[in-house]
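Each chain is listed here by its residues.
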Amino acid sequence: QVQLVESGGGLVQAGGSLRLSCAASGRTFSPYAMGWFRQAPGTEREFVAAITWSGGRTYYADSVSGRFTISRDNAKNTVYLQMNSLKPEDTAVYYCAARLGWCYAYGCRNQYDYWGRGTQVTVSS
């Protein structure tokens, strides 16, 4: 079993930055990819970014490309999401997820196996 715990959310003004962290634990942690997703009130959960655990390939939603950066520290079993130039429309609960199976490009945007409980990000205008 894998446990994912997000941290780093909070309230920030538009144009500001936040860095989210996701710490993974479990008997054996060897995902193919890690992802960040978000869900705003009244909307469906949407893909934000993903990174492959060994090769470090990254993928981003168009809405965050150029502003957000996903990275990982394999030794710490931790994945990060650096969010810059935040906008009010980035307000959501952000979830970390782990995918066990192989994926490439758009395939890394779904079919995740483990999920964290989320951390709230609120961007004020």
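An account of the accompanying structure is given in this report. Every value quoted in this text rests on a predicted model; they were computed, and no experiment measured them. (Residues numbered from 1 in each chain as written. Predicted model: local features only at pLDDT ≥ 70, side-chain atom pairs only at ≥ 80, totals over all residues. Heavy atoms only, no water.)

**So, the pattern of salt bridges**
Just so we agree on the cut-off: Each salt bridge in this description consists of a side-chain nitrogen of Lys or Arg and a carboxyl oxygen of Asp or Glu lying within 4 Å of one another. Strands here are runs of E lasting at least two residues and helices are runs of H or I lasting at least four, both read from the DSSP assignment and numbered beginning at the N terminus.
On inspection of all chains with the given rule, the structure shows three salt bridges. Salt-bridge contacts for glutamate 46 lead to arginine 38; the nearest nitrogen and oxygen are separated by 2.6 Å. Here aspartate 90 makes a salt bridge to arginine 38, at a shortest N to O gap of 2.9 Å. On the criterion of sequence distance, the pair formed by aspartate 90 in the loop between strand S8 (78–83) and strand S9 (92–99) and arginine 38 in strand S4 (residues 33–39) is long-range, its members being 52 residues apart. Put simply, Arg38, Glu46, Arg67 and Asp90 are held in one network by salt bridges that share partners.

**Quick look at the state of the cysteines**
What counts here: In this description, a disulfide is simply a cysteine sulfur pair whose atoms lie within 2.5 Å. Each residue's exposure class comes from its accessible area (1.4 Å probe, protein chains only) as a fraction of the maximum for that residue type: buried when under 20%, exposed when over 50%, partly exposed otherwise.
Enumeration according to the criterion identifies two disulfides in this entry. At a sulfur-sulfur separation of 2.0 Å, the disulfide partner of cysteine 22 is cysteine 96. Here cysteine 22 and cysteine 96 share a disulfide; its torsion about the S-S bond, -75 degrees, makes the bridge left-handed. Highlighted residues: cysteine 22 in strand S3 (residues 18–26) and cysteine 96 in strand S9, separated in sequence by 74 residues. Among the residues examined, cysteine 96 registers a relative accessible area of 0% and is labelled buried.

**Considerations on the side chain of threonine 78**
Short version of the rule: In protein, a polar contact requires one atom able to donate a hydrogen and another able to accept it; more generally it is a pair of N or O atoms within 3.5 Å, and residues adjacent in sequence count only if both atoms are side-chain atoms. It only takes one pair of heavy atoms within 4.5 Å for two residues to be counted as in contact.
If you trace the backbone, threonine 78 turns up in strand S8. At a separation of 2.9 Å, a polar atom in the side chain of threonine 78 contacts the main-chain carbonyl oxygen of lysine 76. Those residues within four positions of threonine 78 in sequence are excluded, and the remaining contacts are Ser21, Cys22, Ala23, Trp53, Ser71, Arg72 and Asp73.

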